[in-house]
Amino acid sequence: MFKITEDCLEKKTFTEYFSSDAEKGTEEFEELIRKFESEPQYKFRMCDYDGEVFYIGYSDDCTHKNGFDPLDMYGEYYGCKDIQYLNEKGEYKRL
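Residues numbered from 1 in each chain as written. Predicted model: local features only at pLDDT ≥ 70, side-chain atom pairs only at ≥ 80, totals over all residues. Heavy atoms only, no water.

**Student:** For the layout of surface pockets, give the residues involved together with the corresponding values.
**Tutor:** There is about 190 Å³ of room inside the largest pocket. Taken together, Met-1, Ser-20, Asp-21, Leu-32, Lys-35, Phe-36, Glu-39, Asp-60, Asp-61, Asn-66 and Asp-69 make up the lining of the largest pocket. The element contributing the most residues to the lining of the largest pocket is helix 1 (residues 27-38), with 3 residues. Its residues assigned to classes, the lining of the largest pocket shows 3 nonpolar, 2 polar and 6 charged. (1 Å grid on protein atoms, 1.4 Å probe; cavity = no way out; pocket = protein on both sides within 12 Å on 5 of 7 lines; lining within 4 Å. Points joined across faces, edges and corners; volume = space filled by probe spheres on them. Helix = DSSP H or I, 4+ residues; strand = E, 2+ residues; numbered from the N terminus. Nonpolar A, V, L, I, M, F, W, Y, C, P; charged D, E, K, R; others polar.)

Structure representation (structure tokens):
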């Protein structure tokens, strides 16, 4: 699960949740949100080919398996081609 918190181009704040594991509006989706909010989250940003940051958000996974969900489910539709996660050194690194 992940949530987009900021649209950097439009300078807007969001609170929308996304998941590939359950459909929005279902009890299962609401349970995933509760679990997401109670566990560690990983900050990410999605960029275009030029490195311009389009979106910032948080994911429950920063590994190769599910860490690409934000890009696959949301970012590519809006022109994002890269996803980077904030590491323990405070640097964004490409997944």
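Continuing now.
**Student:** Explain the side chain of Asp-48 to me, and be specific about the residues and the numbers.
**Tutor:** Inspection of the secondary structure assignment puts Asp-48 in the loop between strand 3 (42-47) and strand 4 (53-59). Within the buried core, Asp-48 has no salt-bridge partner, and the shortest N-O distance to an opposite charge, that of Arg-94, equals 9.6 Å. At 3.0 Å, the side chain of Asp-48 forms a polar contact with the backbone nitrogen of Asp-50. A distance of 2.9 Å separates a polar side-chain atom of Asp-48 from the backbone nitrogen of Glu-52. If we ignore the near neighbours within four places in the chain, the residues touching Asp-48 are Phe-54, Gly-79, Cys-80 and Lys-81. (Buried < 20%, exposed > 50% of the residue type's maximum accessible area, 1.4 Å probe, protein only. Lys, Arg positive; Asp, Glu negative; His and termini not counted. Salt bridge = Lys/Arg side-chain N within 4 Å of Asp/Glu carboxyl O. Polar contact = N/O pair within 3.5 Å; in protein donor to acceptor, adjacent residues only side chain to side chain. Contact = heavy atoms within 4.5 Å.)

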